[in-house]
Amino acid sequence: MKLRAENAEDIAVIGGYLQDAALKVSDIAWLPAGNRFALVCNRFMWERPGPPHYRTRAGLHFETVIAAKVRGLPQESKDHVLELLTVHAVEQPGRALITLTFAGGADIRLEAELVEAGMDDLGQPWETPHRPVHSD
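In short, a report on the structure. The structure displayed is predicted, hence computed values, not measured ones.

Observations regarding the packing of aromatic side chains
The description of an aromatic ring pair uses the distance of the two centres, along with the angle that the planes make with each other.
Then, number 1: The final tally for this structure, using the stated rule, is 2 aromatic pairs.
Then, number 2: Judged by centre distance (6.4 Å) and plane angle (45 degrees), the rings of Phe37 and Phe62 are tilted. Taken as a pair, Phe37 in strand β4 (residues 36-44) and Phe62 in strand β5 (residues 53-62) lie far apart in primary sequence, 25 residues in all.
Then, number 3: On the basis of relative accessibility, which here comes to 2%, the residue Phe37 falls in the buried class.
Then, number 4: The ring of Tyr54 has Arg48 lying over it, and the distance from NZ or CZ to the ring centre is 4.0 Å.

Pasting the structure below:
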């Protein structure tokens, strides 16, 4: 799967595909010199009803990022596993505010000149015995 985002609605679509993605702190990179923020994760493949259930490796990147703020992430613990819950964007004149929200109350807030993002699956899916469960 390959998705591109150019507005807040597109980000919501990507966020739906990335709901319940698992990643380590070390899988996140803020590259200020290139105005880029990127991560790789193991995303649950919601588009493939199961059982069996599948995950696949996926990359997510944001361009034109001018600031990144982290809250509640144990940045010193590179092997700490995170669960991505949502990706949300708000467009304002001259900028976009993008929030990646993780289980446990952590988040990353990006300020970008505009919404320019992409998600790409990387490699082959694999079976997983666990389907994420959400409480109401």
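Some details on the pairing of strand β8 (residues 95-102)
Then, number 1: Bridge count for strand β7 (residues 81-92) against β8 is 8 bridges, and the pairing is antiparallel. Its bridge partner being in β8, His88 is matched across the sheet by Thr99.
Then, number 2: Linkage of β7 to β8, two consecutive antiparallel strands, is achieved through a turn of 2 residues, within which Gly94 is found at a positive phi near 80 degrees.
Then, number 3: Looking at chain direction, β8 and strand β9 (residues 107-112) are connected through 6 bridges and run antiparallel. Note that in β9 the partner of Leu100 across the bridge is Ile108.
Then, number 4: The turn linking β8 back onto β9 is made up of 4 residues, and Gly104 within it adopts a positive phi angle of 90 degrees.

So, the layout of surface pockets
Then, number 1: A volume near 220 Å³ is recorded for the largest pocket.
Then, number 2: In this structure, the largest pocket is lined by Val25, Ser26, Ile28, Ala29, Trp30, Phe37, Ala68, Val70, Leu73, Gln75, Lys78 and Ile108.
Then, number 3: Elements with a contribution of two residues or more to the lining of the largest pocket: β3 (28-31) and β6 (65-71).
Then, number 4: Ranked by residue count, the leading element in the lining of the largest pocket is β3, at 3 residues.
Then, number 5: Of the residues belonging to the lining of the largest pocket, the class tally is 9 nonpolar, 2 polar and 1 charged.

Remarks on the nonpolar core
Then, number 1: In terms of nonpolar packing, the biggest core is built from 32 residues, with Phe62 and Leu100 touching the most fellow members.
Then, number 2: Not counting residues within four places of it along the chain, the set of residues in contact with Leu100 comprises Phe37, Leu39, Leu60, Phe62, Leu84, Thr86, Val87, Ala106, Asp107, Ile108 and Leu110.

Re the side chain of Thr56
Then, number 1: One can find Thr56 in strand β5.
Then, number 2: For Thr56, a relative accessible area of 1% translates into the label buried.
Then, number 3: Residues contacting Thr56, with those up to four places away along its chain left out, are Cys41, Asn42, Arg43, Met45, Asp121, Leu122, Gly123, Gln124, Pro125 and Trp126.

Section: the side chain of Asp27
Then, number 1: On the secondary structure map, Asp27 appears in the loop between β2 (21-24) and β3.
Then, number 2: Among residues more than four places away in sequence, those in contact with Asp27 are Ala38, Leu39, Val40 and Arg57.

Remarks on the environment of Glu83
Then, number 1: For Glu83, the location among the structural elements is in strand β7.
Then, number 2: Between the alpha carbons of Glu83 and Ala5 there is a distance of 22 Å; along the sequence they are 78 residues apart.
Then, number 3: Not counting chain neighbours up to four residues away, the residues in contact with Glu83 comprise Asp20, Ala21, Thr101, Phe102 and Ala103.

Cut-offs and rules
Residues numbered from 1 in each chain as written. Predicted model: local features only at pLDDT ≥ 70, side-chain atom pairs only at ≥ 80, totals over all residues. Heavy atoms only, no water. Phe/Tyr/Trp six-rings, centres within 6.5 Å; stacked < 30°, edge-to-face > 60°. Helix = DSSP H or I, 4+ residues; strand = E, 2+ residues; numbered from the N terminus. Buried < 20%, exposed > 50% of the residue type's maximum accessible area, 1.4 Å probe, protein only. Lys NZ or Arg CZ within 6 Å of the ring centre and 35° of its normal. Pairing = 2+ DSSP bridges. 1 Å grid on protein atoms, 1.4 Å probe; cavity = no way out; pocket = protein on both sides within 12 Å on 5 of 7 lines; lining within 4 Å. Points joined across faces, edges and corners; volume = space filled by probe spheres on them. Nonpolar A, V, L, I, M, F, W, Y, C, P; charged D, E, K, R; others polar. Core = buried A, V, L, I, M, F, W, Y, C linked by side-chain atoms within 4.5 Å. Contact = heavy atoms within 4.5 Å.

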